[in-house]
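# A look at the structure
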Amino acid sequence: MKADVLWEMGQINEAIELLESNNKDGSFSEKVVKIKKMCKEEYGLPNEHADIKKIERFMKWMREGGAKFKNVRMRYYGPDYRGVHACGEIGANEVFLNVPKNLIITPQSGRLTEIGAKILASKVKVNWDYLVYITIFLMVEMHNPESAWKPYLDVYPRLANNFPMFYNEYEKSLLKGTPMVEHMASEISQIKEEYERMIAAVPEFKQFSLEEYMRNKVLVISRIFYVKMHNVTERIMVPLAGIPIHLTYRYV
Amino acid sequence: MLVFLFILPIDMFNHHYEKVGQTYWQYSDKDDSFVVKAQRKIDLGDAVSANVFIE
């Protein structure tokens, strides 16, 4: 049945709309209720929720970009907090996710942006250049309303307040007496100095705020993969695969 | 040290799953794509954690 295929593909609302449009005699009512219930159970949200629609668009974008995934679904845990779960059995050693190069963000993606190229040409000193260029790529795309990466950016975290750099005063007070206070101050100061150096070298970099730069840089750090690509060690961001990169709990 | 700063747990008990299926991941030069595979069988409903890198 076409609705089942749409459901399996993660096109939940398309499956429901199809069933409803063919439900004049009420024969699909039970199926509609079942899909809505499964959506709530498997995705953690009702099908009409705006975040479900974002997940649907993202998974469709991944598939259209050539990604292959089997028996995995993104699950909503809370605002800016998602996971990936098995929606069927995955065998030992089975490849269940395959993301092609065109959907992968590399430092080169950032160097090839207009502003990234200027930063590179300026030879300004940056810390961990691969992080800087991936961060630049993401920020450039976030500022572009026509970005081809929009479906990914729509499910990308917007907040970083669970990172120590962005702790509120109460959370910071809990760290008093630990070396973390000094370390955090030092890291914040380093990023701030780096940001100021980049603005001095390339004034257009001001289009990104310091807070935006810091927040995106720490989000990139927490999601980056180290891989060997054609015998070269590379750091990359991989949509969908980047969500379950962490261990069991939300460490970051 | 920076990495250590970023992994300080703040929300350790706020988890939404009971079991986690561990995976391997690598870049496949042959397919020019990033691949993730299960280390062992992952059951329906398990969270998937991509935390092992194989060269």
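In short, a report on the structure. (Residues numbered from 1 in each chain as written. Chains lettered and ligands numbered in written order. Predicted model: local features only at pLDDT ≥ 70, side-chain atom pairs only at ≥ 80, totals over all residues.)

### Describing the overall build of chain A
Assigned secondary structure in chain A consists of 11 helices and six strands. Taken over the C-alpha atoms alone, chain A extends approximately 70 × 45 × 40 Å along its principal axes. Expressed as a percentage of its 252 residues, the buried residues of chain A come to 38%. For chain A, contacts bridging at least 24 residues in sequence account for 60% of all contacts bridging at least 6. (Helix = DSSP H or I, 4+ residues; strand = E, 2+ residues; numbered from the N terminus. Buried ≥ 20, exposed ≤ 12 C-beta atoms within 10 Å, placed from the backbone. Contact = placed C-beta atoms within 7 Å.)

### Digging into the environment of Phe34(B)
Mapped onto the elements, Phe34(B) comes out in strand S2 (residues 33-38). Once the C-alpha coordinates of Phe34(B) and Ala47(B) are considered, the two residues, 13 residues apart in sequence, prove to be 19 Å apart. Excluding its chain neighbours within four sequence positions, the residues that come into contact with Phe34(B) are Val99(A), Ile104(A), Val238(A), Ala241(A), Trp25(B) and Tyr27(B).

### Structural notes on the nonpolar core
Residue and element names in this part refer to chain A. Formed by 77 residues in total, the largest nonpolar core has its most connected members in Val-99, Ile-134 and Leu-240. Broken down by element, this core gets its largest block of residues, 10 residues, from helix H7 (residues 129-142). Among the domains, domain 1 (2-98) and domain 2 (105-236) are the pair contributing at least three residues each to this core. Not counting the four nearest positions on each side in its chain, Ile-134 is found in contact with Ile-105, Pro-107, Gly-110, Val-220 and Met-237. (Core = buried A, V, L, I, M, F, W, Y, C linked by C-beta atoms within 7 Å. Domains from an automatic or database assignment.)

### Some details on the packing of H7(A) against helix H11 (residues 210-223) of chain A
All names here are of chain A. Contact geometry of H7 with H11 gives a least axis separation of 9 Å together with a crossing angle of 115°. Relative to H11, H7 is oriented so that their crossing is right-handed. Taking contact as the criterion, the partners of Leu-131, Ile-134, Thr-135, Leu-138 and Met-139 in H7 are, on H11, Glu-212, Tyr-213, Asn-216, Lys-217, Val-220 and Ile-221. Per-class residue counts for the contact of H7 with H11 are seven nonpolar, two polar and two charged. (Axes fitted to C-alpha atoms, helices over the stretch in contact; angles between N-to-C directions. Left-handed = near helix turned anticlockwise from the far one by under 90°. Nonpolar A, V, L, I, M, F, W, Y, C, P; charged D, E, K, R; others polar.)

### What to know about helix H10 (residues 180-201) of chain A
Residue and element names in this part refer to chain A. The end-to-end C-alpha distance of H10 is 31 Å, a good match for the 32 Å that 22 residues give at a rise of 1.5 Å each. By the burial criterion, the buried members of H10 are Met-184, Glu-194, Tyr-195 and Met-198. Axial view of H10: buried residues confined to an arc of 100°, hence all on one face. Facing away from the buried surface of H10 by more than 90 degrees, the exposed residues are Glu-182, Ala-185, Ser-189, Gln-190, Glu-193, Glu-196 and Ala-200. (Expected span 1.5 Å × (residues − 1). Arc of directions from axis to C-beta.)

No statement about biological role is implied by the geometric values presented.
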